[in-house]
Protein chains: 2
Amino acid sequence: MARATLRDVARLAEVSPKTVSRVVNREAGVTPAKVAAVTAAIEKLGYRPNFTASSLRRANGRTATIGVVLENVANPFSSTLHRAMEDVAREHGVAILAGSVDEDPARERALISTFAGRQVDGLVVAPASGNQGYLTAEILGGTPLVFVDRPPVGISADTVVIDNRAGARRAVDHLITHGHRTIGYLGDLRSIATARDRLQGYRDALADEGIRPGPVVEDVHTESEAERAVHRLFAADRPPTALFTAQNLVTIGAIRALRSLGRQHTVALVGFDDFPLADLLEPGVTVVAQDPTAMGRLAASLVFRRLAGEQWEPAVHVIPTRLITRGSGEIQNAV
Amino acid sequence: MARATLRDVARLAEVSPKTVSRVVNREAGVTPAKVAAVTAAIEKLGYRPNFTASSLRRANGRTATIGVVLENVANPFSSTLHRAMEDVAREHGVAILAGSVDEDPARERALISTFAGRQVDGLVVAPASGNQGYLTAEILGGTPLVFVDRPPVGISADTVVIDNRAGARRAVDHLITHGHRTIGYLGDLRSIATARDRLQGYRDALADEGIRPGPVVEDVHTESEAERAVHRLFAADRPPTALFTAQNLVTIGAIRALRSLGRQHTVALVGFDDFPLADLLEPGVTVVAQDPTAMGRLAASLVFRRLAGEQWEPAVHVIPTRLITRGSGEIQNAV
DNA sequence: CTGAAAGCGCTTACAG
DNA sequence: CTGAAAGCGCTTACAG
């Protein structure tokens, strides 16, 4: 059974297509009798307007859809961003096309191209590594584009980020304050800009106090890699008395390792990124928390403000981080 | 700067629109010279095909987009479903419109209507409470529709669920095996079918052994409600020696309460739904786990099989659950 | 191998 | 208040 079209409704109601269009769009100035006839026909045929077709012809060409490109819709950080954007989008009657890129630049391009082909009105992108210069055409086409979580490379556009360097510095300062002088760093792929910034913050904090950087392990991307890295650190000569774990999966892997070594109550740990149940572990996990809800809301709002016609120079918007103390970061250095 | 159209490309390349169309769609039988001219024009104008417009005219009318209606894109269960469906969709070159309904039937209808208006090729719905009979028109329109997580009401369609009743029974059996005779139940809103099934499984297990149902608390929907409910249970006369918590937020709230009562190592607990870090708590949390990845993959596959033309009578597909023992459920009754 | 005409489902810009 | 004609960006169904 084929879907009924506006034409079918017009024929059944014995009016012109234009009149059906008026009724569907709630335009004023249609006789109540015709409204009734059209409404009845719509009901009878189970007619559903084809919004896609109407947006093709409509003056502004808007599809009331935006595209959201995330690292992985299933990870808590991404999905919280996603939900925040959805809430803003819903206020504007706009639907969301969402997808995951898993750190793969090729997937990022493919996804954005898919979304662009579906004529999204705007785009929010958490960029993978690599260059986003290929998006310039989008901007020239007038489609609002906002980056979130990480700054883009090769293009200037609105960007919503946190101050990763300052946040990391704060975390490491906290450990220094608790007497630690040998502080290990475990961080994500050095291809990721935010990972590099966090390492820099770690170095800043130590340099300020004239402390030699402890063991530094980069390119730790998964929980199990973090676990193995920590085992290696504590098998070595001069193990750290504290760890700064620069990403949430890394934090969790490190905790798992400390547990199996029986050191979770003696080695201090501060993680970057909050995660669910961090407060229920023993000890509770001290973290530098981002605010993905605020980030998502702001990113989406910027898109809608551009769509509403506001104009400004592309800018970087920095959302503050927050140190949440729960126990693991307050373990004093025994020495 | 307006977006270039296929016509613009045709003009610049000095060919007909049809030839541009052929090049864009990689149809064979175009002179290399014309292909080159068209390609150059596309490049020069930054032309991006309007997939929306082409699907309007294309024979099958497909938009290569499916709609996914979830309880909340940010909750771990929903987002894992989402990701699994995305992976299947990507294999088919299909994008996903996703949205959250937060248990609100009106939001469910609004979201589905939004998706239908954008001509999605198929729909996967985790239904809120209430009736889904209004979706019959979709089925008649030929749009594949699959329900996931909960069975729909008022309509017959493919459905992917777990056996909630059997899973709950399993959980409670486990507690009985460990000597418990006063087992409390804490469960979600009784308006939710799966919550009712889980309560039934709890009753089944106890009835089998001739044990009187312990304290039963229904309509516990959030973490803090669960926390308060547990405090109330243990302030009463005959507190349970074990708890069956029938949903993950309820489980977490209950654990928080047991902690603050200092009873987490003496009161046994089995939860329904696994959650991240359940193994890192002390004690580890024993759960009946669902497999949202398997559920999501199956639900999406059913949509694509229907789109490929396969036909069958709508059926209920049951994905098995699994008991994961981690400590909290193996606490013996001291009596 | 190439293109002119018609049409997908709808709205625009008019005319009456 | 209502509708006929044209057109949004593309593909179909032909004809050459």
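Residues numbered from 1 in each chain as written. Chains lettered and ligands numbered in written order. Predicted model: local features only at pLDDT ≥ 70, side-chain atom pairs only at ≥ 80, totals over all residues. Heavy atoms only, no water.

## Description of the nonpolar core
Counting 52 residues, the largest nonpolar core has L243 and F275 of chain A together with L243 and F275 of chain B as its most contacted members. Of all the secondary structure elements, the ones that give two or more residues to this core are α10 (223-235), α11 (248-260) and β10 (286-289) of chain A together with α10 (223-235), α11 (248-261) and β10 (286-289) of chain B. F275 of chain A has contacts with N248, T251, I252, I255, L281, V285 and V287 of chain A together with L277 of chain B, leaving out every residue within four places of it along the chain. (Core = buried A, V, L, I, M, F, W, Y, C linked by side-chain atoms within 4.5 Å. Buried < 20%, exposed > 50% of the residue type's maximum accessible area, 1.4 Å probe, protein only. Helix = DSSP H or I, 4+ residues; strand = E, 2+ residues; numbered from the N terminus. Contact = heavy atoms within 4.5 Å.)

## Re the interface of chain A and chain B
Taken together, the 54 residues of chain A in the interface contact 54 residues of chain B. For the pair chain A and chain B, the summed buried area comes to about 4700 Å², and 49% of that belongs to carbon and sulfur atoms. Where chain A touches chain B, the interface holds 6 salt bridges. Residue R259 of chain B pairs with E282 of chain A through a salt bridge whose shortest N-O separation is 3.4 Å. Sorting the residues of the side of chain A that touches chain B by element identifies α4 (51-57), α5 (76-91), β2 (95-100), α6 (105-117), α7 (136-140) and α11 of chain A as the ones contributing at least two each. Partitioned by chemical class, the residues of the side of chain A that touches chain B number 23 nonpolar, 18 polar and 13 charged. With 3 bridges joining them, β2 of chain A and strand β2 (residues 95-100) of chain B adopt antiparallel strand pairing. Bridge pairing in β2 of chain B places I96 of chain A opposite A98 of chain B. (Buried area = accessible area lost by both parts, 1.4 Å probe. Salt bridge = Lys/Arg side-chain N within 4 Å of Asp/Glu carboxyl O. Nonpolar A, V, L, I, M, F, W, Y, C, P; charged D, E, K, R; others polar. Pairing = 2+ DSSP bridges.)

## Points about the relation of the copies chain A and chain B
Note on the copies: chain A fits chain B at an RMSD of 0.1 Å, the axial shift is 0.0 Å, and the rotation between them is 180 degrees. Taken together, these values place the two copies in the relation of a two-fold axis. The C-alpha atom lying nearest the rotation axis in chain A is that of L97 of chain A; the distance is 2.2 Å. With an isologous cut-off of 70% or more, the 100% of interface residues of chain A that recur at the interface of chain B puts this contact in the isologous class. (Least-squares fit on C-alpha atoms with pLDDT ≥ 70 in both.)

## As for the protein's contact with DNA strand D
Taken together, 25 residues lie around DNA strand D, and R22 and T31 of chain A together with L6, K18 and S21 of chain B are the ones closest in. Put simply, 64% of the atoms of DNA strand D that lie within 4 Å of the protein are in sugar or phosphate. For DNA strand D, a phosphate oxygen lies 2.4 Å from a polar atom in the backbone of L6 of chain B. Going through the elements one at a time, α2 (17-24) and α4 of chain A together with α2 (17-24) and α4 (51-57) of chain B are the ones with two or more residues in the surface near DNA strand D. With 4 residues, α4 of chain B is the single largest residue contributor to the surface near DNA strand D. When the residues that make up the surface near DNA strand D are grouped by side-chain class, the tally is 9 nonpolar, 9 polar and 7 charged. (Near = heavy atom within 4 Å. Polar contact = N/O pair within 3.5 Å; in protein donor to acceptor, adjacent residues only side chain to side chain.)

## Looking at the UniProt feature "domain: HTH lacI-type" (unreviewed entry) in chain A
When the UniProt feature table is mapped to this numbering, "domain: HTH lacI-type" (unreviewed entry) covers residues 4-58 of chain A. Between the first and last C-alpha atoms of residues 4-58 of chain A the distance is 21 Å; the span itself is 67% helix and 0% strand. (UniProt positions renumbered as here; feature names shortened; annotations may be inferred.)

## Remarks on the sheet that holds strand β3 (residues 122-125) of chain B
Spatially, the 12 strands line up as an open sheet ordered β11(A)-β5(A)-β4(A)-β3(A)-β1(A)-β2(A)-β2(B)-β1(B)-β3(B)-β4(B)-β5(B)-β11(B), and their pairing is mixed. Both edges of this open sheet fall to β11 (316-319) of chain A together with β11 (316-319) of chain B, since each of them pairs with a single strand only. Each strand of the sheet is rotated relative to its neighbour by a mean of 20 degrees, with strand direction disregarded. Bridging between strand β5 (residues 158-162) of chain A and β11 of chain A involves 4 bridges; their strand directions are parallel. Bridge pairing links T159 of chain A to V316 of chain A in β11 of chain A. In the packing of helix α12 (residues 292-307) of chain A onto the sheet, contacts are made with β1 (65-70), β3 (122-125), β4 (145-148), β5 and β11 of chain A, and the angle to β5 of chain A comes to roughly 170 degrees. (Axes fitted to C-alpha atoms, helices over the stretch in contact; angles between N-to-C directions.)

## Description of the sheet that holds strand β8 (residues 242-245) of chain B
By definition, the strands of a sheet pair up through backbone hydrogen bonds, in either a parallel or an antiparallel sense. Residues and elements named next belong to chain B. Pairing within the open sheet is mixed, and its 6 strands lie in the order β7-β6-β8-β9-β10-β12. Edge positions in the sheet fall to β7 (216-217) and β12 (322-324), since each has one partner strand and no second. Contacts from helix α9 (residues 193-208) reach β6 (183-186), β7, β8 and β9 (268-272) within the one sheet, and its direction differs from that of β6 by about 170 degrees.

## Remarks on the protein's contact with DNA strand C
Surveying the vicinity of DNA strand C reveals 25 residues, the closest of which are L6 and S21 of chain A together with R22, T31 and R57 of chain B. A share of 64% is what sugar and phosphate atoms reach among the atoms of DNA strand C within 4 Å of the protein. The separation between a phosphate oxygen of DNA strand C and a polar side-chain atom of N25 of chain A is 2.8 Å. In this structure, a phosphate oxygen belonging to DNA strand C sits 2.3 Å away from a side-chain N or O atom of T31 of chain B. Those elements giving two or more residues to the surface near DNA strand C turn out to be α2 and α4 of chain A together with α2 and α4 of chain B.

## Observations regarding the packing of aromatic side chains
Residue and element names in this part refer to chain A. Enumeration according to the criterion identifies 4 aromatic pairs over all chains in this entry. For the ring pair Y185 and Y202, a centre distance of 5.3 Å and an interplane angle of 50 degrees mean the geometry is tilted. Of the two residues, Y185 is situated in strand β6 (residues 183-186) and Y202 in helix α9 (residues 193-208); the sequence distance between them amounts to 17 residues. Of the two residues, Y185 and Y202, both sit in the buried class. (Phe/Tyr/Trp six-rings, centres within 6.5 Å; stacked < 30°, edge-to-face > 60°.)

## Some words on the domain arrangement of chain A
Residues and elements named next belong to chain A. One can read the domain layout of chain A as domain 1 (6-49), domain 2 (65-162 + 292-319) and domain 3 (164-290 + 323-330). Spacing between the C-alpha centres of domain 2 and domain 3 amounts to 30 Å. With 8 residues of domain 2 at the interface, the matching set in domain 3 holds 8 residues. Between domain 2 and domain 3, the buried area comes to about 810 Å², and carbon and sulfur atoms account for 62% of it. Along the contact surface separating domain 2 from domain 3 lie 0 salt bridges. (Domains from an automatic or database assignment.)

## Section: the pairing of β10 of chain B
Residues and elements named next belong to chain B. Side-chain alternation along β10 places T286 and V288 on one buried face and V287 and A289 on a second face that is also buried. Where β9 meets β10, 3 bridges bridge the pair, whose relative direction is parallel. Considered in β10, the bridge of V270 is made with T286. As paired elements, β10 and β12 share 3 bridges and run antiparallel to each other. Note that in β12 the partner of V287 across the bridge is I324.

## Focus on the environment of D163 of chain B
Residues and elements named next belong to chain B. On the secondary structure map, D163 appears in the loop between β5 (158-162) and α8 (164-177). Assessed through its relative accessible area of 37%, D163 is described here as partly exposed. As for D163 and Q119, which are separated by 44 residues in sequence, their C-alpha atoms are 33 Å apart. In this structure D163 touches V318 and I319, once residues within four positions along its chain are discounted.

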